[in-house]
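Here is how the chains run, residue by residue.
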Amino acid sequence: MTTQFTTSGLPVIYDPGMNHSGAPASARPPKASEITATRIVNDIVDQGLQVNDKLPGEAEMLAAYGVSRETLREALRILEVQGLIAIKRGPGGGPIVSALNSYYLARTATMYFMLAGATYNELFEAWAVLEPPMSAKVARISDTQMKKEAFAAAEMSAELSSDRDEIFSAANNFHAVIAQMSGSRVLMLLTQAVNHIVVDHVLASGEMMPSSTISHSHADIAHAIISGWPRRAESLMRDHIEEVRDFVRDRQPERMDDVIQWR
């Protein structure tokens, strides 16, 4: 086991040893509420529940999981904080299944990044590692029509919008389209989480990058992907990320060395 210290002085433990359950040897045992939350998620998956489907009532869940009311409610709060369920208030309310939103993954990740002392410069490095090869992967998809249709809505929203928030939303949507077509749900969620942090923490807090520049880069990348040119798609995506990074460095040079904030 090795221990390293972050810029905040907090230790980060890298332990190759694993216990019999596959958890790190230094990890504490899960609480009853965490185990219950896991069982609820397992049931959501096993039963094929969809977005907005209601979970069983409290009495039924207490009987099914054999836990106290306090433990069950804490388990539901865990899932609600992670954006996996929503709690509807009032008569006929209760927990319902939420759509997966990588914003919540991004928010949790920023807590770890902050404690580890990771900087926004490292965030851009991670983006450059993840998305260019993923763009090449999507470019290799043979279904040209499917790729055209997937990009159509994102391209249209980017062209028609002049509102700052809508431009950022369109930018996120464009990158989300590529992530979703990658066929890897892990890559999709990780890349979308990184994009959320880049937009919400860095781009939204500074001078607005010209929307025409963003749209032009996105159009070139989309054309390469639709045309089935993986090397060009990868190169253009890398150029796009470097262009965004350089724009931030020019206007917020101190920002890139700041530690990522949990928010």
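In what follows, the structure referred to is the one given above.
Thresholds, definitions, all that
- Residues numbered from 1 in each chain as written.
- Predicted model: local features only at pLDDT ≥ 70, side-chain atom pairs only at ≥ 80, totals over all residues.
- Heavy atoms only, no water.
- Salt bridge = Lys/Arg side-chain N within 4 Å of Asp/Glu carboxyl O.
- Helix = DSSP H or I, 4+ residues; strand = E, 2+ residues; numbered from the N terminus.
- Buried < 20%, exposed > 50% of the residue type's maximum accessible area, 1.4 Å probe, protein only.
- Contact = heavy atoms within 4.5 Å.
- Patch = residues over 30% accessible without salt bridge, like charges linked within 9 Å, V, L, I, M, F, W, Y side chains within 5 Å.
- Areas by Shrake-Rupley, 256 points an atom, 1.4 Å probe, with all protein chains shown as cover.
- Pairing = 2+ DSSP bridges.

Novice: Is there a simple way to think about the pattern of salt bridges in this case?
Specialist: Oppositely charged side chains can pair when the atoms bearing their charge come close. Under the criterion given, the structure shown has eight salt bridges. For Arg28, the salt bridge identified is with Glu34, shortest N-O distance 2.7 Å. One salt bridge in this structure joins Arg238 and Glu234, with 3.4 Å as the shortest N-O distance. With Arg238 and Glu234 both in helix H10 (residues 230-251), this residue pair falls four residues apart, about one helical turn. A residue is classified by how much of its surface remains accessible, and Arg238, at 32% relative accessible area, is partly exposed. In this structure, a network of salt bridges that share partners links the residues Glu58, Arg69 and Arg73.

Novice: Hey, could you run me through the environment of Pro95 in this one?
Specialist: Mapped onto the elements of the fold, Pro95 is located in strand E4 (residues 94-97). For the pair formed by Pro95 and Asn52, sequence separation is 43 residues and the distance between their alpha carbons is 9.0 Å. Each residue touching Pro95, except ones within four places of it in the same chain, is listed here: Asp53, Lys54, Leu55, Pro56, Leu76, Ile85, Ala86 and Ile87.

Novice: It is not clear to me how a nonpolar patch on the surface should be interpreted in this structure. Could you clarify?
Specialist: A cluster of nonpolar side chains, namely Leu105, Val186 and Leu190, defines an oily patch on the protein surface of about 250 Å² accessible area. Assignment of secondary structure puts Leu190 in helix H8 (residues 185-202). Leu190 gets classed as partly exposed once you look at its relative accessible area, which sits at 40%.

Novice: It is not clear to me how the pairing of E4 should be interpreted in this structure. Could you clarify?
Specialist: Working note: regular strand, side chains alternate between the two faces of the sheet. Judged from the four bridges that link them, strand E3 (residues 85-88) and E4 form a sheet pairing that is antiparallel. Considered in E4, the bridge of Ile87 is made with Pro95. Hairpin geometry of E3 and E4 is characterised by an intervening segment of five residues between the two adjacent antiparallel strands and by a positive phi of about 85° at Gly90.

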